[in-house]
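Coordinate inspection notes
Residues per chain, in single letters:
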Amino acid sequence: MADADPTPRPETLALHAGDGPRELGAAATPGPTLATSFFTHPDAVGFSAADLGEAAPHFYTRWSNPTVDRLEARLAALDGGAAAVAFGSGMAAITGLFADRLAHGDHLVVSDVCYAGVAEFCHDELPRRGVAVTAVDTSDLAAVAAAMRPTTRLVHVETPANPTLRLADVAGIAKIAHAGGAELSVDATIATPLGLRPLGLGADYVVHSLTKYLCGHGDALGGAVIGGADALAGLRRGQLIHGGGVLAPFSAYMILRGMETLPLRMLQHEANAAALAAFLAGHPKVARVLWPGSPDHPQHGLARRQMTNCSGLLSFVVKDDAAATARRLAERLKVISYAVSLGKTKSLLFFIPTEDILRASFRLDAAAAARYRAVAGEGVFRFSVGLENPADLVADLEQALG
Ligand SMILES: *Cc1c(COP(=O)(O)O)cnc(C)c1O
């Protein structure tokens with residue numbers, strides 16, 4: 001029976017959202033607008049970003065570009081937000097949002113375990129600008145509530161969080177943030193909009209590194225913030241146009257192209273991760289597997305409540321000799337690449353030594369560091385399970401683990 005609901009589903013949005021009205025004779029595939037930094041509308045826009053109206057024509061590519069616009073519209077539709085602002089990288093999107101929302105004297109609450117670049121920016125850069133930062137275990141609602149101060153303006157969580165795949169309860173934290181007069185931003189890079197829609201759970205902003213699953217092919221960098229129209233108009237003026245960290249139109253085109261297969265890829269990434277998690281859990285050299293889709297993951301219930309896809313990123317810990325195992329895997333793996341990054345079509349695996357990441361990035365207090373070591377041991381093997389036949393991935397790991 002036909003469904004009367006006119007709102008296209010994610011699989012359809014990933015292919016069509018942001019494409020303009022069809023015209024007879026138009027190209028079936030809108031090409032990228034690449035080789036121009038400006039457009040010939042000199043009278044239509046003033047020279048101040050404050051003059052930028054909703055319907056302003058394209059004028060200069062740092063302000064807007066048709067291909068980047070199309071990507072922003074598609075991202076906003078997939079995340080259920082009014083608007084999106086694309087940046088040149090995930091870090092540019094996140095630090096742009098922080099710069100927009102946090103001023104001297106304000107306070108930020110952030111996940112104590114998250115993407116290393118974000119952790120280091122929060123420890124090293126924000127305090128120099130007079131922004132106080134409290135890093136807490138955002139899988140613990142009471143810890144988040146206890147970290148709130150009258151000056152807290154933003155709570156920023158990553159879920160699932162790199163590299164332990166710990167989850168944060170988005171709806172629960174949104175309530176705590178809003179009760180304290182703060183906003184909530186969620187880094188949903190690992191989940192993608194196919195796995196988690198934070199705005200629908202009460203978050204004010206979603207951020208993505210487009211470099212990962214959204215692009216999917218490991219050949220473009222990008223980032224985006226999705227949220228309400230007014231807040232994002234300010235972010236665009238202050239941090240994108242003036243900050244200048246814009247997304248290159250060719251990268252926008254590559255990301256749009258990658259997004260056409262995002263829903264299909266995420267289904268296969270999740271299915272392959274389930275197969276590899278089961279294999280690794282039964283391997284004699286593996287101590288534990290961290291993947292929210294596993295029924296024995298401590299937060300599996302939360303995963304089932306708030307996620308529609310558990311993604312293809314898992315981590316595992318070996319029983320002994322982690323550094324030697326890392327060397328062996330780097331030398332012996334043939335299908336899986338021993339490499340950083342995640343979310344690519346092809347499988348990637350990388351060892352993240354506990355003492356290094358604690359010292360350089362997370363800088364946890366003694367109790368939190370002890371909790372991290374209890375989960376991560378000497379280090380986690382972060383495994384971005386790709387789209388290969390899972391039997392070949394199992395065989396590759398089996399021969400390399402020995
Ligand atoms: C990669 C990543 C980032 C940073 O994105 P870039 O595009 O590399 O700048 C931020 N958050 C998470 C969770 C990531 O995986």
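Residues numbered from 1 in each chain as written. Predicted model: local features only at pLDDT ≥ 70, side-chain atom pairs only at ≥ 80, totals over all residues. Heavy atoms only, no water.

Turning our eyes to something else, we now look at the nonpolar core. Counting 82 residues, the largest nonpolar core has Leu184, Leu280, Leu314, Phe316, Phe383 and Leu397 as the members making the most contacts within it. In terms of residue count, the dominant contributor to this core is helix H9 (residues 262–281) (seven residues). Here this core gathers at least three residues from each of two domains, domain 1 (62–259) and domain 2 (262–401). Contact partners of Leu314, with chain neighbours within four places excluded, come to Leu165, Ala273, Leu276, Ala277, Leu280, Val289, Leu290, Trp291, Phe381, Arg382, Phe383 and Val385. By size, the runner-up hydrophobic cluster in this structure holds 37 residues, among which are Leu97, Leu102, Leu154 and Phe362. (Core = buried A, V, L, I, M, F, W, Y, C linked by side-chain atoms within 4.5 Å. Buried < 20%, exposed > 50% of the residue type's maximum accessible area, 1.4 Å probe, protein only. Helix = DSSP H or I, 4+ residues; strand = E, 2+ residues; numbered from the N terminus. Domains from an automatic or database assignment. Contact = heavy atoms within 4.5 Å.)

As a structural note, the neighbourhood of the ligand is formed by 13 residues, with Met91, Asp187, Ser209, Thr211 and Lys212 the closest of them. Met91 places a polar main-chain atom, nitrogen or oxygen, 2.8 Å from an oxygen atom of the ligand. Between Thr211 and the ligand, the recorded distance is 2.7 Å, taken from a side-chain N or O atom to an oxygen atom. Ranked by the residues each element gives to the shell around the ligand, the list is headed by helix H3 (residues 90–101), at three residues. (Near = heavy atom within 4 Å. Polar contact = N/O pair within 3.5 Å; in protein donor to acceptor, adjacent residues only side chain to side chain.)

In terms of domain boundaries, the protein chain breaks down into domain 1 (62–259) and domain 2 (262–401). Relative placement of domain 1 and domain 2: their C-alpha centres are 24 Å apart. Domain 1 puts 39 residues into the contact, and the matching count from domain 2 is 39 residues. Regarding the contact of domain 1 and domain 2, the summed buried area is about 3,100 Å², with carbon and sulfur atoms giving 60% of it. If you look at where domain 1 meets domain 2, you find one salt bridge. For Asp124, the salt bridge is made with Arg363, and the minimal N-O distance between the two is 2.8 Å. (Buried area = accessible area lost by both parts, 1.4 Å probe. Salt bridge = Lys/Arg side-chain N within 4 Å of Asp/Glu carboxyl O.)

Two pairing modes exist for strands in a sheet, parallel and antiparallel, and in both the strands are linked by backbone hydrogen bonds. Taken together, the five strands give an open sheet; going across it, the order is E8-E9-E12-E11-E10, and neighbouring strands pair in mixed fashion. The open sheet has two edge strands, strand E8 (286–290) and strand E10 (337–338), and neither has a second partner. The sheet contact formed by strand E11 (residues 348–353) and strand E12 (residues 379–384) spans six bridges and is antiparallel. If you follow Leu348 over to E12, its bridge partner there is Ser384. (Pairing = 2+ DSSP bridges.)

A word on the UniProt feature "modified residue: N6-(pyridoxal phosphate)lysine" (unreviewed entry) in the protein chain. Per the UniProt annotation, the sites labelled "modified residue: N6-(pyridoxal phosphate)lysine" (unreviewed entry) are Lys212. Within the secondary structure, Lys212 sits in the loop between strand E6 (205–209) and strand E7 (223–227). Lys212 has contacts with Tyr115, Thr189, Ser341, Leu342 and Gly343, leaving out every residue within four places of it along the chain. (UniProt positions renumbered as here; feature names shortened; annotations may be inferred.)

Moving on, we get to the state of the cysteines. All chains considered together, the criterion is met by zero disulfides. No disulfide involves Cys122; its sulfur sits 6.3 Å from the nearest other cysteine sulfur, which is in Cys114. Overall, the relative accessible area of 2% leaves Cys122 in the buried class. (Disulfide = S-S within 2.5 Å.)

Read across the sheet, seven strands follow the order E1-E7-E6-E5-E4-E2-E3 without closing on themselves; strand pairing throughout is mixed. A strand with exactly one partner marks an edge of an open sheet, and here the two such strands are strand E1 (83–87) and strand E3 (132–136). Direction aside, neighbouring strands of the sheet carry axes that sit 20° apart on average. As defined by bridge partners, E6 adjoins E7 across five bridges and the pair is classed as antiparallel. (Axes fitted to C-alpha atoms, helices over the stretch in contact; angles between N-to-C directions.)

With the rule as written, the count across this model stands at five aromatic pairs. Residues Phe98 and Phe121 carry aromatic rings whose centres are separated by 6.4 Å and whose planes lie at 40° to one another, so their mutual orientation is tilted. A residue pair is termed long-range when its members are at least 10 positions apart, and Phe98 in helix H3 and Phe121 in helix H4 (residues 116–124) qualify at 23 residues. Across the pair, exposure class does not vary: Phe98 and Phe121 are buried alike. Through pairs of rings, three or more aromatic residues link up here, namely Phe316, Phe351 and Phe381. (Phe/Tyr/Trp six-rings, centres within 6.5 Å; stacked < 30°, edge-to-face > 60°.)

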